[in-house]
Amino acid sequence: RGDRSITLRPEGTAGAVRSFIENKLHAQGGVQRLWYIGPMFRYERPQAGRQRQFHQIGLECLGSTDARADAEVIAIASQLLNALGVSEWKLSLNSLGTTEDRQRYREALIDYLNDYKDDLDADSQDRLERNPLRILDSKDPQTQHIAQSAPSILNYLGPDSKKHFDRVQQLLTDLNISY
């Protein structure tokens, strides 16, 4: 804006992945764990209850497709929250599956939402073909109501994705981490 140029971090994942690639950490083989902590920034007008500047702590586990890597990252986050004395938190667990799983889900979601197209808010109507998954994050009350009955991506996971997700859940149960 106003012919100014300023660069602020929007979040930590992209920088961690860029470091992984640029420093050829993948060539070292094995699992790479990268973490970050610091201020991050939003350029757009923040949603209600959110700030333009916020602090983020993150851990990226790269180089493994094993469910244990997912459970490890979640366990570390759980331990950190508990160590900081944060007692009122809830872990919501989901899976994005493979590219093919997401494509099947995307098609099912579009089919479902098309029946309600005229009832969706203007942003969601615009996103319907471009990026229908973003509709699930809508803050519009009417769209939220419609989205509550949308199909679940978990019903579109292929056998390998389902097995992975079940394994993560079992590991979290074994670690006494509620989700």
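This section reports on the structure supplied with the text. All values reported here derive from a predicted model rather than from experimental measurement.

Criteria and thresholds
- Every residue gets a number counted from 1 within its own chain, in the order that chain's sequence is written.
- Residue-level local features of this predicted model are given only where pLDDT is at least 70; pairs of side-chain atoms are given and counted only at 80 or more, and the full residue set underlies all totals for whole chains, interfaces and linings.
- Calculation of side-chain values draws on the structure's entire complement of heavy atoms; hydrogens and water are dropped beforehand.
- The helix and strand labels rest on DSSP assignments: H or I over at least four residues marks a helix, E over at least two residues marks a strand, and numbering proceeds from the N terminus.
- Throughout, exposure labels follow a simple rule: accessible area from a 1.4 Å probe, protein chains only, divided by the maximum for the residue type, with under 20% read as buried, over 50% as exposed, and the rest as partly exposed.
- Contacts: residue pairs with any heavy atoms within 4.5 Å of one another.
- Note on areas: Shrake-Rupley with a 1.4 Å probe; residue coverage comes only from the protein chains shown.
- A side-chain nitrogen of Lys or Arg and a carboxyl oxygen of Asp or Glu constitute a salt bridge if their distance falls within 4 Å.
- We call a set of buried Ala, Val, Leu, Ile, Met, Phe, Trp, Tyr and Cys residues a nonpolar core when their side-chain atoms join them within 4.5 Å.
- Arc, as used here, means the arc of the directions from the helix axis to the C-beta atoms.
- Counted as a polar contact is a pair of N or O atoms within 3.5 Å, where, for protein atoms, one must be capable of donating a hydrogen and the other of accepting one, and residues adjacent in sequence contribute only when both atoms are in side chains.

## A short note on the overall build of the chain
Here is step 1 of the chain: From N to C terminus, the chain includes six helices and two strands.
Here is step 2 of the chain: Reading the chain from its N end, one meets helices and strands in the order α-β-β-α-α-α-α-α.
Here is step 3 of the chain: Projected onto its principal axes, the C-alpha coordinates of the chain cover approximately 50 × 50 × 40 Å.
Here is step 4 of the chain: Taken over 179 residues, the chain has a buried fraction of 29%.
Here is step 5 of the chain: Taking as baseline every contact in the chain between residues at least 6 positions apart, the subset at least 24 positions apart corresponds to 56%.
Here is step 6 of the chain: In the structure as shown, the chain presents an accessible area of about 12,800 Å², 48% of it carried by carbon and sulfur atoms.

## Looking at the pattern of salt bridges
Two side chains that carry opposite charge are able to pair once their charged atoms sit near each other.
Here is step 1 of the chain: Counting across every chain of the model gives five salt bridges.
Here is step 2 of the chain: Of the charged contacts in the structure, one is a salt bridge between Asp-126 and Arg-130, with a shortest N-O distance of 2.4 Å. Placement of both Asp-126 and Arg-130 in helix α4 (residues 122-130) is noted, with a separation of four residues, approximately one turn of the helix.

## Some remarks on the nonpolar core
Here is step 1 of the chain: Counting residues in each nonpolar core, the largest one holds 10 residues, listed as Tyr-105, Leu-109, Tyr-112, Leu-113, Leu-120, Leu-128, Ile-135, Ile-146, Ala-150 and Ile-153.
Here is step 2 of the chain: The biggest single contributor to this core is helix α3 (residues 99-114), with four residues.
Here is step 3 of the chain: If sequence neighbours within four positions are ignored, Ile-153 has contacts with Asn-94, Ser-95, Leu-96, Arg-102 and Tyr-105.
Here is step 4 of the chain: Membership of the second largest hydrophobic core comes to nine residues, among which are Ala-67, Ile-74, Ala-75 and Leu-91.

## Some points on the environment of Leu-93
Here is step 1 of the chain: With respect to the helices, strands and loops of the structure, Leu-93 is situated in the loop between α2 (67-83) and α3.
Here is step 2 of the chain: Since its relative accessible area comes to 22%, Leu-93 is described here as partly exposed.
Here is step 3 of the chain: Once you skip the residues sitting within four places of it in the chain, Leu-93 turns out to touch Ile-74, Phe-165, Val-168, Gln-169, Leu-172 and Tyr-179.

## Observations regarding the environment of Gln-148
Here is step 1 of the chain: You can see Gln-148 is positioned in helix α5 (residues 141-148).
Here is step 2 of the chain: Accessibility expressed as a relative area gives 65% for Gln-148, which makes it exposed.
Here is step 3 of the chain: Sequence separation of Gln-148 and Ala-71 is 77 residues, and the distance between their C-alpha atoms is 27 Å.

## Considering the environment of Pro-132
Here is step 1 of the chain: Along the polypeptide, Pro-132 turns up in the loop between α4 and α5.
Here is step 2 of the chain: Residue classification places Pro-132 among the buried residues on the basis of a relative accessible area of 1%.
Here is step 3 of the chain: Considered as a pair, Pro-132 and Arg-106 are 26 residues apart in the sequence and their alpha carbons are 7.0 Å apart.
Here is step 4 of the chain: Those residues in contact with Pro-132, other than ones at most four positions away along the chain, are Arg-106, Leu-109, Ile-110, Leu-113 and Arg-127.

## As for α4
Here is step 1 of the chain: When α4 is considered as a whole, its buried residues turn out to be Ser-124, Arg-127 and Leu-128. Looking down the long axis of α4, one finds its buried residues gathered within 125° of arc, a one-sided arrangement. Of the exposed residues in α4, the ones pointing more than 90 degrees away from its buried face are Ala-122, Glu-129 and Arg-130.
Here is step 2 of the chain: The secondary structure elements touched by the buried residues of α4 are α3 and α5.
Here is step 3 of the chain: Capping of α4 at its N-terminal end is provided by Asp-121; its side-chain oxygen lies 3.3 Å from the backbone amide nitrogen of Asp-123.

Function cannot be read off these values alone, since they describe shape.
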